[in-house]
Amino acid sequence: MKLTERLFKNLDFYILITAITSGQLIKIPLGLGGMTLLDLTLLGFCLLGIRKTRRLKAPPLQVKAGLIFLLVAFISLIISPLHLTPNEYFSSSFYLIRFCIYLLFGWLIYKNV
């Protein structure tokens with residue numbers, strides 16, 4: 001393994017550890033909730049993983065269950081009997097997007113990307 005490959009593998013590891021340990025400390029305020037450094041890091045890793053891979057394997061059972069949950073949650077957000085403000089809809093949608101990013105990251109790890 002070349003020195004640069006080892007360095008970048010370690011760099012990915014350190015970026016992920018920094019993002020996990022910063023947790024809620026570094027937050028970008030959006031609506032009622034916020035986007036954390038971990039969300040941005042996982043989004044970047046997912047985009048790199050998708051770019052690197054050609055096709056994803058069939059998802060494992062846990063990812064299928066997560067996709068069903070996302071579908072049900074999205075439908076319930078759309079046909080909700082609650083009268084939410086646009087800011088609350090935005091915040092709720094962002095939680096769905098966050099869960100989708102976590103699910104995609106788990107799927108990419110399952111594929112060993």
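Residues numbered from 1 in each chain as written. Predicted model: local features only at pLDDT ≥ 70, side-chain atom pairs only at ≥ 80, totals over all residues. Heavy atoms only, no water.

Caption draft 1: Molecular detail of helix H3 (residues 61-78). With 18 residues, H3 ought to run about 26 Å at 1.5 Å a step, and its terminal C-alpha atoms sit 26 Å apart, in line with that. Of all the residues in H3, the buried ones are Val 63, Gly 66, Leu 70, Ala 73 and Leu 77. The buried side chains of H3 occupy one side of the element, clustering within an arc of 80° when seen end-on. Exposed side of H3, more than 90 degrees from the buried face: Leu 61, Ile 68, Leu 71 and Val 72 are the residues found there. Along its buried surface, H3 packs onto helix H4 (86-111). (Helix = DSSP H or I, 4+ residues; strand = E, 2+ residues; numbered from the N terminus. Expected span 1.5 Å × (residues − 1). Buried < 20%, exposed > 50% of the residue type's maximum accessible area, 1.4 Å probe, protein only. Arc of directions from axis to C-beta. Contact = heavy atoms within 4.5 Å.)

Caption draft 2: Looking closely at the side chain of Arg 98. With respect to the helices and strands, Arg 98 occurs in helix H4. A relative accessible area of 14% places Arg 98 in the buried class. There is a polar contact of 2.8 Å between the side chain of Arg 98 and the side chain of Asp 39. (Polar contact = N/O pair within 3.5 Å; in protein donor to acceptor, adjacent residues only side chain to side chain.)

Caption draft 3: Seen up close, a nonpolar patch on the surface. A contiguous nonpolar patch, built from Leu 71, Phe 74, Ile 75, Ile 78 and Ile 79 and spanning about 530 Å² of accessible area, is present on the exposed surface. Take Ile 79: it is sitting in the loop between H3 and H4. (Patch = residues over 30% accessible without salt bridge, like charges linked within 9 Å, V, L, I, M, F, W, Y side chains within 5 Å. Areas by Shrake-Rupley, 256 points an atom, 1.4 Å probe, with all protein chains shown as cover. Salt bridge = Lys/Arg side-chain N within 4 Å of Asp/Glu carboxyl O.)

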